[in-house]
Amino acid sequence: MKMILNLLKKALGKPQVLDFDPAHDIINLLPNGIDFPVLLADAKRDLQDSHAEYTSTVSVGSSAASLELAALLAALCRVLQPRRLVDLGSGYTSYVLRSYAKSQATPVDVTSVDDSADWLARTREYLEAAQLDTSNLMTWDTFEASGDTDFDLVVLDVRPIARRVEHLPRLMRGLRPGGMIIVDDVHKPHLSQPLIRMAKEHHWFCAGLKSLTLDGYQRFAAVVAKEPA
């Protein structure tokens, strides 16, 4: 038996390990002249108190979106001024996106989706306590049935991981020009590897955001978009 296993390993060889294209950087997707590190630091400072409260009263740090990811989203909103946003995996990201929407003089549409109706209810309670809009909170099944697309910014953090991989092509097809998807937890190979493969196959822009979003749990995100013109 051991001989057979060794022969199989030799025949199959080492599994291919893919990595993000080093030539891709999120700065390539932003307007010229933006001092993004400064915006990111400002956003992190602005959110640290609310994030600490959220992870002590609503969720826990290992489950909630990290402060680093939240700051990235807030900074992107300030730079890109998106009008249609969706967070697939509700929670603290819902707070970040809806706080941005509240700060805008013109309407911003935010949809928050979760695989758990119970958790969606907790998100609603948290948003109400923060005096933020609670419209367009829906379960994954409702969102999927709607076929809704046409977003400027998508946060892809829904469970299970396989669902993120399965629905990424549809979400990419529905992105508005200049839109992007932030995919969390790409430290997990069973997410990062199919993500990178799909990006290569479909000629998507795909950049790892480890330097910007790495947190104390070693989690980090990636950005996926259509290749900039």
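Refer to the preceding data block for the structure.
Computed from a predicted model, the values in this text were never measured in an experiment. (Residues numbered from 1 in each chain as written. Predicted model: local features only at pLDDT ≥ 70, side-chain atom pairs only at ≥ 80, totals over all residues. Heavy atoms only, no water.)

A. Structural view of the overall build of the protein. A count of helices and strands for the protein gives nine helices and seven strands. A compact globule built from 229 residues should have a C-alpha radius of gyration of about 17 Å, and the protein, at 18 Å, falls within 12% of that. Judged by the C-alpha coordinates and their principal axes, the protein covers about 65 × 40 × 35 Å. Looking at the protein as a whole, 49% of its 229 residues qualify as buried. Contacts spanning at least 24 positions in sequence make up 71% of the contacts within the protein whose residues lie at least 6 apart. For the protein, the accessible surface area stands at approximately 11700 Å², while carbon and sulfur atoms represent 54% of it. Of the charged side chains in the protein, 25 are positive and 29 negative, and the gap between their average positions amounts to 7 Å. (Helix = DSSP H or I, 4+ residues; strand = E, 2+ residues; numbered from the N terminus. Rg over C-alpha atoms; globule rule 2.2 N^0.38 Å. Buried < 20%, exposed > 50% of the residue type's maximum accessible area, 1.4 Å probe, protein only. Contact = heavy atoms within 4.5 Å. Areas by Shrake-Rupley, 256 points an atom, 1.4 Å probe, with all protein chains shown as cover. Lys, Arg positive; Asp, Glu negative; His and termini not counted. Charge placed at Lys NZ, Arg CZ, Asp CG, Glu CD.)

B. Broad picture of the pattern of salt bridges. This model, assessed by the stated rule, comprises 11 salt bridges. Put simply, Asp150 and Arg176 hold a salt bridge, and the shortest N to O gap is 3.3 Å. Of the two residues, Asp150 sits in the loop between α6 (140–146) and β4 (151–156) while Arg176 sits in strand β5 (residues 175–183), which places them 26 residues apart along the sequence. Classification of Asp150 as partly exposed rests on a relative accessible area of 35%. Taken together, the shared-partner salt bridges in this structure form one network comprising Arg84, Asp109 and Asp148. (Salt bridge = Lys/Arg side-chain N within 4 Å of Asp/Glu carboxyl O.)

C. Quick look at the pairing of β4. Within β4, six of the six residues are buried, which leaves it mostly tucked inside the rest of the structure. Here four bridges tie strand β1 (residues 84–88) to β4, and the two strands are oriented parallel to one another. Its bridge partner being in β4, Asp87 is matched across the sheet by Val155. Two elements, β4 and β5, share five bridges in a ladder whose sense is parallel. Within β5, the position partnered with Phe151 by the bridge is Leu175. Handedness of the crossover joining β4 and β5 through helix α7 (residues 161–173) is recorded here as right-handed. (Pairing = 2+ DSSP bridges. Right-handed = clockwise from strand over helix to strand, strands pointing away.)

D. Expanded view of the sheet that holds strand β3 (residues 137–139). Overall, mixed pairing links the seven strands, which are arranged β3-β2-β1-β4-β5-β7-β6 in an open sheet. What marks the edges here is a single partner per strand, and that holds for β3 and β6 (204–208). For this sheet, the mean angle separating the axes of adjacent strands, direction not counted, is 15°. Strand direction decides the pairing type here: β5 and strand β7 (residues 222–226), joined by four bridges, are antiparallel. Residue Ile181 lies in a different strand from β7, and its bridge partner there is Val224. (Axes fitted to C-alpha atoms, helices over the stretch in contact; angles between N-to-C directions.)

E. Representation of unusual backbone geometry in the model. Arg159 connects to Pro160 through a cis peptide bond whose omega is -10°. Its location among the elements puts Pro160 in the loop between β4 and α7. In this structure, Gln131 is a non-glycine residue whose phi angle is positive, near 60°. Within the element layout of this structure, Gln131 appears in the loop between α5 (117–129) and β3.

F. Representation of the pairing of β7. Most of β7 is tucked away: four of the five residues are buried. Here five bridges tie β6 to β7, and the two strands are oriented antiparallel to one another. Counted as the bridge partner of Ala207 is Val223 from β7.

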